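# Tertiary structure, described
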Amino acid sequence: MNQSCNSQTTAKSVNGWHGKLNLVYAHRQGGTQLIFDRNQAPLKVQRPFYPEGQEVCHSVILHTAGGVVGGDRLSYHLHLQPNAQALITTAAAGKIYRSNGMTARQTIEIKVDAGACLEWIPQETIVFNSALYRQDIRVELATNASYFSWEITRFGRSARGEKFLQGEWRSNTEIWQQGKPLWIDRQWVPGSEEIFHSPHGLAGQPVVGSLVYIGQEVSSEIVEKARNLWQFPIPHSPLPIPHHQIGVSRLEHGFLCRYRGSSTAEVRHWFIGVWQLLRMSFLNRGNCIPRVWQI
């Protein structure tokens, strides 16, 4: 039986929003259903839809406050029961506003049971200058479970000439399987002129991206195909070639892509191509771009 609970009246405090979202997906009657949905403002999920048929449940998460400020606490609990298949994205780019002195935090706990597959592909995050933000993601995978995700971050509203010269951004991701760490990634970008221009920091580029897939062993052929999918300028784009850097590496039972450059559009274009390659190679799925991205 589906369950839903909304508790928005107590979500806002003097120290910011304390949003929560708890979603559980189950494989039933030949398809995947969202069987449990409990939310607390400003987080909520739209009604599921099935552009690929009943097997894969597509969900879109909404952040109704429009952006994250210092003191906000956002918590996600996502659980895919055995053989469930879900694709989860966000309705819009995330915005982390300049801080009032307090740190904004986002915690994401994900559990993927045997035979299940989660595609967690949020839209990009824009970190304003002087923001203080920390994100922690922990993924627990059962045997024969699959997980695909990306994170795209723009530091500063660069279209306005803004750089990330004050504040702090941290992103910690851990993927475990039966007590064994499969991938642990800790990133820290303190806002400063030195870090912004350092080759060991942002190298003068405002956009970074990471894409990770864990599920099956990836052949060198797939890795080479992922590298060859990189192309810039984007077809029909008038933008000049920037000083970008990309990389593709094999992981145990998966692989990793990295990007550092100046364009959200180009990293999205590449990541979508890699994602579609993995879908065809390992999930036997076709090209299905979430409709919310096309608005």
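Below is a short write-up of the structure. (Residues numbered from 1 in each chain as written. Predicted model: local features only at pLDDT ≥ 70, side-chain atom pairs only at ≥ 80, totals over all residues. Heavy atoms only, no water.)

### Here we look at the overall build of the protein chain
The secondary structure content of the protein chain amounts to three helices and 19 strands. Scaling as 2.2 N^0.38, a compact globule of 295 residues should have a C-alpha radius of gyration of about 19 Å, and the protein chain matches this with 19 Å. Summarising its shape, the C-alpha atoms of the protein chain cover approximately 55 × 55 × 40 Å along the three principal directions. For the protein chain, the proportion of its 295 residues judged to be buried stands at 51%. If you take every contact in the protein chain between residues at least 6 apart in sequence, the share linking residues at least 24 apart comes to 73%. Within the structure as shown, the protein chain displays about 13900 Å² of accessible surface, and the carbon and sulfur contribution to it stands at 49%. A gap of 6 Å separates the mean positions of the 29 positive and 22 negative side-chain charges of the protein chain. (Helix = DSSP H or I, 4+ residues; strand = E, 2+ residues; numbered from the N terminus. Rg over C-alpha atoms; globule rule 2.2 N^0.38 Å. Buried < 20%, exposed > 50% of the residue type's maximum accessible area, 1.4 Å probe, protein only. Contact = heavy atoms within 4.5 Å. Areas by Shrake-Rupley, 256 points an atom, 1.4 Å probe, with all protein chains shown as cover. Lys, Arg positive; Asp, Glu negative; His and termini not counted. Charge placed at Lys NZ, Arg CZ, Asp CG, Glu CD.)

### Description of the pattern of salt bridges
In this structure the tally under the stated criterion is 16 salt bridges. Measuring nitrogen to oxygen at the nearest pair gives 3.0 Å for the salt bridge that ties Glu174 to Arg138. Note that Glu174 is positioned in strand β15 (residues 168–177) and Arg138 in strand β13 (residues 132–141), a separation of 36 residues in sequence. Looking at Glu174, the relative accessible area reads 15%, which means it is buried. You can call Arg138 partly exposed: its relative accessible area is 35%. In this structure, Lys163 and Glu193 form a salt bridge, with 3.9 Å as the shortest nitrogen-oxygen distance. (Salt bridge = Lys/Arg side-chain N within 4 Å of Asp/Glu carboxyl O.)

### What to know about the environment of Thr153
Checked against the element boundaries, Thr153 lands in strand β14 (residues 146–155). A sequence separation of 59 residues divides Thr153 from Gly94, and the C-alpha atoms of the two residues are 9.2 Å apart. Those residues in contact with Thr153, other than ones at most four positions away along the chain, are Thr125, Val127, Trp169, Pro206, Val207 and Val208.

### Some words on the packing of helix α2 (residues 220–228) against helix α3 (residues 264–283)
Direction vectors running N to C along α2 and α3 enclose 150°, while the axes themselves pass 9 Å from each other. One finds that α2 runs roughly antiparallel with respect to α3. As for how α2 packs across α3, the hand of that crossing is right-handed. Across from Ile222, Lys225 and Ala226 in α2, the residues of α3 making contact are Trp270, Val274, Leu277, Leu278 and Ser281. Along the lines of polarity and charge, the residues of the contact of α2 with α3 split into six nonpolar, one polar and one charged. (Axes fitted to C-alpha atoms, helices over the stretch in contact; angles between N-to-C directions. Parallel < 35°, antiparallel > 145°, perpendicular 65-115°, else oblique. Left-handed = near helix turned anticlockwise from the far one by under 90°. Nonpolar A, V, L, I, M, F, W, Y, C, P; charged D, E, K, R; others polar.)

### Notes on the state of the cysteines
As enumerated under the stated definition, the model contains zero disulfides in all. Residue Cys57 stays outside any disulfide, its sulfur separated by 12 Å from that of Cys288, the closest cysteine. (Disulfide = S-S within 2.5 Å.)

### Comments concerning the packing of aromatic side chains
For any pair of aromatic rings, the description consists of the separation of the ring centres together with the inter-plane angle of the planes. Here the structure, examined in full by the defined rule, presents 13 aromatic pairs. Ring geometry for Tyr97 and Phe128: centres 5.0 Å apart, planes at 85°, overall edge-to-face. Highlighted residues: Tyr97 in the loop between β9 (94–96) and β10 (104–112) and Phe128 in the loop between β12 (125–127) and β13, separated in sequence by 31 residues. For Tyr97, a relative accessible area of 29% gives the class partly exposed. (Phe/Tyr/Trp six-rings, centres within 6.5 Å; stacked < 30°, edge-to-face > 60°.)

### Thoughts on α3
With 20 residues, α3 ought to run about 28 Å at 1.5 Å a step, and its terminal C-alpha atoms sit 26 Å apart, in line with that. Most of α3 is tucked away: 14 of the 20 residues are buried. For α3, the N-terminal cap is Ser263; the gap from its side-chain oxygen to the backbone nitrogen of Ala265 is 3.2 Å. (Expected span 1.5 Å × (residues − 1). Polar contact = N/O pair within 3.5 Å; in protein donor to acceptor, adjacent residues only side chain to side chain.)

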